[in-house]
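# Descriptive structure summary
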Amino acid sequence: MKNQNEIIFSIIIPTFNSEKTISKSLRSVISQKEKTEIILVDDLSNDKTLSIIKKFKKKYKSIKIYKNTKNLGVSLTRNKGIKKAKGKYIIFLDSDDYLFNGCLQKLRTFIDKNKNPDVVFGRFEKETFPKNNDLIIKNLPKNTENKIAFKKLILKKKFPLDECWPYIVKREFLEINNINFFNVRVAEDQLYVLRIFLKMRSFYIFKDNFYCHRNLPGTLSDFMNFKYSKCCIEVVIEYLKLYKKEKNILNKKLINQYIQSCLSMFVGIFITLQKNNIKEISKILKRNNVRNYKV
């Protein structure tokens, strides 16, 4: 018998100076008919974000607000949301994005029908390339729970699946496998997503509209400088650690693809770095004995 009081979805929304977009994001969740908890973790905003979300909280009991005492960045802010979550499944919603109307009720039915898989991959739309993930959805075999076919398709199409928001992930699965966000300011999604791919046992694709992602000026997506390149190298080092431990050949190929993708971003910035920045990158590589890793 189903527990009527059980929270199915924990929607985790990290906020930082989100006054222009957070209302639309929140309304897209509040309008859903499915039982959810909305976890807002504010990363020390200095605009009207807190004032706006507090007004929403007064009207809706499902909203919980937590405030960082210092600016931690999106990785640690999301990790805080995971720790506070009580829902069966975790969904990350960026504060400038929104969910499609009615998607959570359909998603709940879909999850129940498919016996509560570890991971569900939702259909998304976005403003930048790729505009959606239809290429993956349409090319998968009818047996969509086939995680091996999914990984092979990613390798074949070289489709960028390195952002956390299309994934609906069982909270228990994250806890058992100790999966959270690596503490970097950018490129933080990639390692989280890859670790999910490596550990997931059951996997399904939700083909209905789920998530709409927007890239607004001034967001972390535009953060292209030395700090970004340093983050890329730190993420690559974590990939190399995973590669060394991994025994499965298909998983090793997948890790290698993520390494190449992250390095390609790094190279484009590296040529613009100053001499002192290059020296710092070199120290990071030496400190982690990168030469000892073979891919």
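The structure contained in this document is the topic of the report that follows. None of the values given here were measured: they were computed from a predicted structure. (Residues numbered from 1 in each chain as written. Predicted model: local features only at pLDDT ≥ 70, side-chain atom pairs only at ≥ 80, totals over all residues. Heavy atoms only, no water.)

## Let's talk about the sheet that holds strand S2 (residues 36-42)
As a reminder, the rule being used: Pairs of strands are assigned from DSSP output, requiring at least two bridges between the strands. Going along the chain from the N terminus, every DSSP run of H or I of four or more residues is numbered as a helix, and every run of E of two or more is numbered as a strand. Any two residues having at least one pair of non-hydrogen atoms within 4.5 Å are treated as being in contact. Axes, fitted as lines to C-alpha atoms, cover a helix only where it is in contact. Angles between the N-to-C directions of the axes lie from 0 to 180 degrees.
Taking strand neighbours across the sheet as the criterion, the 8 strands line up as S3-S2-S1-S4-S7-S6-S8-S5 in an open arrangement whose pairing is mixed. Here the strands that pair on one side only, and so sit at the sheet edges, are strand S3 (63-67) and strand S5 (98-99). In the sheet, S2 pairs with S3 via 5 bridges, with the strands oriented parallel. Within the sheet, the bridge partner assigned to leucine 40 lies in S3 and is isoleucine 65. Sheet contacts for helix H4 (residues 103-113): strand S1 (9-15), S2, strand S4 (89-92), S5, strand S6 (119-126), strand S7 (167-170) and strand S8 (203-213); angle to S8, the most-contacted strand, approximately 175°. The sheet contacts of helix H8 (residues 188-199) involve S4, S6 and S7, and relative to S7 the element is tilted by about 55°.

## Description of helix H2 (residues 49-59)
Residues that lie three or four places apart on an α-helix share one face, since the helix turns once every 3.6 residues. So the rule is basically this: To sort residues, take the accessible area from a 1.4 Å probe on protein chains only and compare it with the maximum for the residue type: under 20% means buried, over 50% means exposed, and anything in between is partly exposed. Throughout, the arc means the angular range of directions from the helix axis out to the C-beta atoms.
Residues of H2 that are buried: Thr49, Leu50, Ile52, Ile53 and Phe56. Projected down its long axis, H2 shows its buried positions confined to an angular sector of 160°, all on one face. Projecting away from the buried face of H2 at angles above 90 degrees are the exposed residues Lys55, Lys58 and Lys59. Elements in contact with the buried residues of H2: S1, helix H1 (22-30), S2 and S3.

## Considerations on the nonpolar core
Short version of the rule: Working definition of a nonpolar core: buried Ala, Val, Leu, Ile, Met, Phe, Trp, Tyr and Cys residues. They are joined through side-chain atoms within 4.5 Å.
Counting residues in each nonpolar core, the largest one holds 92 residues, and the members touching the most others are Phe9, Leu107, Phe150, Leu161, Tyr192, Phe197 and Phe210. The dominant element in this core, judged by the number of residues it contributes, is helix H9 (residues 226-245), at 11 residues. Setting aside chain neighbours within four positions, we find phenylalanine 210 in contact with Ile91, Leu99, Phe100, Cys103, Leu104, Leu107, Gly122, Arg123, Trp165, Pro166 and Ile168.

## A word on the packing of H8 against H9
The following threshold applies: Each angle receives one of four descriptions, namely roughly parallel if under 35 degrees, roughly antiparallel if over 145, roughly perpendicular if within 65 to 115, and oblique otherwise. Two helices that cross are described as forming a left-handed crossing if the nearer one is turned anticlockwise from the farther one by less than a right angle, and a right-handed crossing if clockwise.
H9 packs onto H8 with a crossing angle of 15° between their chain directions and a minimal axis gap of 10 Å. The pairing of H8 with H9 is recorded here as roughly parallel in orientation. In terms of crossing hand, the pair formed by H8 and H9 is right-handed. Together, Gln190, Leu191, Leu194, Arg195 and Leu198 of H8 and Glu238, Tyr239 and Leu242 of H9 make up the contact between the two elements.

## Notes on the pattern of salt bridges
Just so we agree on the cut-off: The rule for a salt bridge is simple: a side-chain nitrogen of Lys or Arg has to be within 4 Å of a carboxyl oxygen of Asp or Glu.
Applying the stated criterion across every chain yields a total of 13 salt bridges. Between lysine 126 and glutamate 163 there is a salt bridge whose closest N-O contact spans 3.2 Å. Remark: glutamate 163 occurs in the loop between helix H6 (147-157) and S7 and lysine 126 occurs in strand S6; sequence separation between them is 37 residues. The exposure class of glutamate 163 is partly exposed, given its relative accessible area of 22%. Put simply, arginine 171 and glutamate 175 hold a salt bridge, and the shortest N to O gap is 3.0 Å. Taken together, the residues arginine 171 and glutamate 175, both in helix H7 (residues 171-176) and 4 residues apart, mark about one turn of the helix. A cluster of three or more residues bridged by salt bridges with shared partners is formed by Arg78, Asp94, Glu188 and Asp189.

## A few points about the pairing of S4
Across a regular strand the side chains alternate sides, sitting on one face of the sheet and then on the other. Every second residue of S4 is oriented toward a common face, with Tyr89 and Ile91 on one face and Ile90 and Phe92 on the other, all of them buried. The pairing of S1 with S4 spans 4 bridges and is parallel. Among the inter-strand pairings, phenylalanine 9 is bridged to a residue of S4, identified as tyrosine 89. Inspection of the sheet shows S4 paired to S7 by 2 bridges, in the antiparallel sense. Within the sheet, the bridge partner assigned to tyrosine 89 lies in S7 and is lysine 170.

## Comments concerning the environment of lysine 20
Tracing the backbone through its elements, the reader meets lysine 20 in the loop between S1 and H1. Judged by relative accessible area, which is 80%, lysine 20 ranks as exposed. For the pair lysine 20 and serine 95, spaced 75 residues apart in the sequence, the C-alpha separation amounts to 9.4 Å.

## Concerning a positive patch on the surface
As a reminder, the rule being used: Patch building starts from residues that exceed 30% relative accessible area and form no salt bridge, then joins like charges within 9 Å and nonpolar side chains (Val, Leu, Ile, Met, Phe, Trp, Tyr) within 5 Å. Note that accessible areas follow from Shrake-Rupley with a 1.4 Å probe, and for residues the cover is restricted to the protein chains shown. Neither His nor the chain termini are counted; the positive set is Lys and Arg, and the negative set is Asp and Glu. Here the site of a charge means NZ on Lys, CZ on Arg, CG on Asp, or CD on Glu.
A surface patch of like charges, here positive, comprises Lys48, Lys54, Lys55, Lys58 and Lys67. Here the positive patch gets 3 residues from one element, more than from any other, and that element is H2. Relative to the elements of secondary structure, lysine 67 occurs in strand S3. Residue classification places lysine 67 among the partly exposed positions, given a relative accessible area of 47%.

## Looking at the environment of leucine 153
The residue leucine 153 is located in helix H6 in this model. Here leucine 153 falls in the buried class, since its relative accessible area comes to 8%. The sequence separation of leucine 153 and asparagine 139 amounts to 14 residues, and the corresponding C-alpha distance is 7.7 Å. The contacts of leucine 153, once residues within four sequence positions are left out, are Ile136, Asn139, Leu140 and Lys158.

Note that all results are geometric; they support no functional claim without further evidence.
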